[in-house]
Amino acid sequence: MVSKKSLINRIWVGALIFIAMIGMILINVFFPNYADSPNPTNFISGRAVNSVIISALILLSIIEMRRALGKERVPDCFSWLVWAYGFGLGPAYSLFGYTGIIFFSMLIFIGAVATSLIHNRVDSLIYVAFMLVYPGLFMATLLYLNRSASTSATISPEMAKYLENDIWSFLTPNHRVSNLLPLNAIGLALVFAVSTFTDAFAFFVGVLFGKHQLCPNISPKKTIEGSIGGIFGGLIGSALVFFLFDYFHLFGKQFGLCFDGLGLSVAHIAVTYVLIGLIGSLVTQMGDLIASQVKRYCGIKDYSRMLGEHGGIMDRFDGIMLNAVFVSFMFMFIF
C-alpha cells in the first residue's frame with residue numbers, strides 16, 4: 001500500500017513536472033522565430049530555450065546512469081567523456097541534425113576506446129556504450145522533435161511562411177533558413193501527454209484495482225490492471241492533443257497535423273494519433289520496466305532523489321524517452 005503522505009508528495013511533484021512540460025510546449029507556440037519576421041536578427045526563441053533545457057536533461061540523465069552503474073563499472077578515467085557527451089549533444093544536433101548526434105556519439109566512443117586502452121579498462125566499454133545509447137541517443141530524440149526540421153527539398157507555400165530560423169542560420173552565408181517546421185510544439189505535446197497520462201492512469205488504476213502482477217521479477221508493484229489503465233490513459237492523452245491542436249485549433253492551424261501545408265490525408269492523421277496513443281503507451285510502460293530492470297541490476301531504488309517521490313530525471317523520463325523514439329519515428333513520415 002502507498003502511504004497517504006507519499007501519495008500526496010507524488011501528486012504535487014507530478015503536477016509541478018506536468019506544468020513544466022506544458023511550459024515547454026507553450027514556449028514553442030508563443031515564442032517562434034519565423035524566417036520572415038520583421039526582426040531577422042532575433043535568434044532567441046522557444047525552440048532554442050527548449051534545446052537548452054533538453055540538453056541539460058540529457059546531461060543529468062547520463063550523470064544519473066553513470067552513478068547507477070557505479071565507479072567499479074565506469075571508473076573516474078571516463079568522467080571527461082560523460083561531461084563532453086552531455087554538453088556536446090545539443091550543439092552537435094543544432095549544427096548537423098540527428099545525424100550529428102550519431103557521429104558525435106561515435107567520436108565519444110572512440111575516445112572511450114582510447115581511454116580504456118590507456119587505463120587497461122576495456123571491460124568498461126560495454127557500460128560506456130550502454131550510456132551513449134540509453135539514455136543518450138534515446139533522450140536526444142526530444143531534440144529531434146523540438147527542432148522538427150524538414151528533410152524535404154520542397155516546402156508548400158502554406159507552410160513556407162511558418163518556417164523558423166535558429167541561431168545557426170545566422171552563422172551561415174546569407175542567413176540560410178533551416179526549414180524548421182512549427183510541429184515542435186505538437187511533437188513534444190504528444191510525447192508528454194501520452195506518457196504522463198499513461199503513468200497516471202497506470203498508477204491509480206493499479207493502486208485501486210490491481211490484483212495480478214505484470215512482471216513480478218522486474219517490478220512487483222506493477223499490475224496487469226494498471227497496464228491496461230495506462231493504455232487507456234495514453235489514448236486519452238493523444239485525444240487531448242488532437243482536440244487542442246487539430247480540432248479546436250487552440251494555438252493556430254499551423255501547429256497541428258491537419259494543417260493544409262502538410263498535405264496529410266484524414267486517414268494518415270487518424271492513424272498517427274491512434275498509434276501514438278496506443279503504441280506510445282505500451283512503449284512508455286516498456287521504458288518504465290527497462291529502467292526498473294537496470295535499477296535492479298545496479299542494486300538501487302531510484303536513480304537519484306532530485307524529484308523527490310518521483311526519484312531522478314531517469315525515473316521520470318524512463319518512459320518518456322522511449323515514447324519520444326516512437327513519436328520521432330512516426331514524425332519521420334511527416335517531416
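Our subject in this report is the structure included herewith. The numbering scheme is per chain: residues are counted from 1 as the chain's sequence reads. Since the coordinates come from a predicted model, pLDDT governs what is reported: local features require at least 70, and pairs of side-chain atoms require 80 or more to be given and counted, while whole-chain, interface and lining totals use all residues. Hydrogens are left out, water is left out, and the side-chain values use all remaining heavy atoms of the structure.

### Things to note about the overall build of the protein
- For the purposes of this entry, the term helix denotes a DSSP run of H or I that reaches at least four residues, the term strand denotes a run of E that reaches at least two, and both are numbered from the N terminus. When helices and strands are tallied, the protein shows 9 helices and 2 strands.
- Going from N to C terminus, the protein has its helices and strands arranged as α-α-α-α-α-α-β-β-α-α-α.
- Restricting the calculation to C-alpha atoms gives the radius of gyration, and the globule rule supplies 2.2 Å times the number of residues raised to the power 0.38. Taken over the C-alpha trace, the protein has a radius of gyration of 21 Å; the compact-globule value for 335 residues is 20 Å, and the two agree within 12%.
- Only protein chains enter the area calculation, which uses a 1.4 Å probe; residues under 20% of their type maximum are buried, those over 50% are exposed, and those in between are partly exposed. Expressed as a percentage of its 335 residues, the buried residues of the protein come to 51%.
- A sequence separation of at least 24 residues applies to 75% of the contacts in the protein between residues at least 6 apart.
- Accessible surface, the protein as shown: approximately 15,900 Å² in total, 71% of it carbon and sulfur. The contact definition used throughout considers only heavy atoms, calling two residues in contact when any of these lie within 4.5 Å. Under the convention used here, a 1.4 Å probe and the Shrake-Rupley method define accessible areas, while residue burial counts only the protein chains that appear.

### Brief notes about the packing of helix 6 (residues 184-209) against helix 7 (residues 224-247)
- All axes are obtained by fitting lines to C-alpha atoms, using only the stretch in contact for helices, and the reported angles, taken between N-to-C directions, cover 0 to 180 degrees. Following both chains from N to C, one finds helix 6 and helix 7 inclined at 150 degrees, their axes separated by 6 Å at the closest point. Seen along the crossing, helix 6 lies across helix 7 with a hand that is right-handed.
- Looking at side-chain class alone, the contact of helix 6 with helix 7 contains 15 nonpolar, 9 polar and 2 charged residues. For any helix crossing, the convention is left-handed if the near helix is rotated counterclockwise from the far helix by under a right angle, and right-handed if that rotation is clockwise. Think of it as three bins: nonpolar holds Ala, Val, Leu, Ile, Met, Phe, Trp, Tyr, Cys and Pro, charged holds Asp, Glu, Lys and Arg, and polar takes everything else, Gly as well.

### Side note on the pattern of salt bridges
- Take a side-chain nitrogen of Lys or Arg and a carboxyl oxygen of Asp or Glu: if they are within 4 Å of each other, that pair is a salt bridge. Following the criterion strictly, the structure yields 10 salt bridges and no others.
- The salt bridge partner of E164 is R47, with a shortest N-O separation of 2.9 Å. Of this pair, E164 sits in the loop between helix 5 (157-160) and helix 6 while R47 sits in helix 2 (residues 46-69), and the two are 117 residues apart along the sequence. Taken as a pair, E164 and R47 share a single burial class, namely buried.
- Measuring nitrogen to oxygen at the nearest pair gives 3.7 Å for the salt bridge that ties D302 to K301.
- Each of R66, K71 and D76 takes part in salt bridges that share partners, so that together they form one network.

### Considerations on unusual backbone geometry
- Following Y134, the chain continues to P135 via a peptide bond in cis, the omega torsion being 20 degrees.
- Here P135 shows up in helix 4 (residues 125-147).
- Within the chain, N120 stands out as a residue other than glycine whose phi angle is a positive 55 degrees.
- Counting through the fold element by element, N120 comes out in the loop between helix 3 (79-119) and helix 4.
- In the Ramachandran plot, S148 falls in the positive-phi region, its phi being about 50 degrees despite a non-glycine side chain.

### A word on the side chain of E225
- Tracing the backbone through its elements, the reader meets E225 in helix 7.
- Despite its burial, E225 pairs with no opposite charge, the nearest such side chain being K211 at 7.1 Å.
- Once you skip the residues sitting within four places of it in the chain, E225 turns out to touch V205, F209, G210, K211 and H212. The positive count covers Lys and Arg only, the negative count covers Asp and Glu only, and His and the chain ends enter neither.

### Some details on helix 3
- Multiplying 1.5 Å by the helix residue count minus one yields the expected span of that helix. Between the first and last C-alpha of helix 3 there are merely 13 Å, a value that for 41 residues lags more than 12% behind the 60 Å anticipated at 1.5 Å per step.
- One fitted axis covers the seven residues ending at a residue, a second covers the seven starting there, and the bend at that residue is the angle between these axes. The principal kink in helix 3, of about 135 degrees, is found at F96.

### Observations regarding the packing of aromatic side chains
- Two aromatic rings, drawn from Phe, Tyr or Trp (for Trp, its six-membered ring), form a pair once their centres lie within 6.5 Å of each other, and the interplanar angle then sorts them: stacked below 30 degrees, edge-to-face above 60, tilted otherwise. With the rule as written, the count across this model stands at 19 aromatic pairs.
- Consider the rings of F243 and Y247, whose centres lie 5.4 Å apart with planes at 75 degrees: the pair is edge-to-face. In this pair, F243 and Y247 both sit in helix 7, 4 residues apart, roughly one turn of the helix.
- Here a set of aromatic residues connected by ring pairs shows up, and it is made of F242, F243, Y247, F248 and Y273.

### Section: a nonpolar patch on the surface
- Taken together, L214, I224, I228, F232, L235, V274, L278, I279 and L282 make up a surface patch of nonpolar side chains, about 690 Å² in accessible area.
- Of all the secondary-structure elements, those providing two or more residues to the nonpolar patch are helix 7 and helix 8 (266-298).
- Within the element layout of this structure, L278 appears in helix 8.
- Residue class for L278 comes out partly exposed when judged on its relative accessible area of 33%. Grouping into patches uses exposed residues only, defined as over 30% relative accessible area, and leaves out salt-bridged ones; the cut-off is 9 Å for like charges and 5 Å for nonpolar side chains (Val, Leu, Ile, Met, Phe, Trp, Tyr).

### Looking at the pairing of strand 2 (residues 219-223)
- By this definition, two strands are paired if DSSP reports at least two bridges between them. For strand 1 (residues 213-215) and strand 2, the ladder comprises 2 bridges, and the chain directions are antiparallel. Among the inter-strand pairings, Q213 is bridged to a residue of strand 2, identified as T223.
- Counting the residues that bridge the hairpin from strand 1 to strand 2 gives 3 residues.

### Focus on the state of the cysteines
- Note on disulfides: each one is a pair of cysteine sulfur atoms within 2.5 Å. A complete count under the given rule lists 0 disulfides for this structure.
- For C298, which is in no disulfide, the shortest distance to another cysteine sulfur is to C77 and amounts to 18 Å.

### Concerning the nonpolar core
- Residues F192 and F331 are the most contacted members of the largest nonpolar core, which totals 82 residues.
- With 12 residues, the single largest contributor to this core is helix 4.
- Not counting residues within four places of it along the chain, the set of residues in contact with F192 comprises M21, M24, I25, L142, F317 and I320. Nonpolar cores are built from buried Ala, Val, Leu, Ile, Met, Phe, Trp, Tyr and Cys residues. Side-chain atoms within 4.5 Å join them into one set.

### Quick word on the environment of I224
- Inspection of the secondary structure puts I224 in helix 7.
- The spacing of I224 and A35 is 189 residues in sequence and 49 Å in space, taken between C-alpha atoms.

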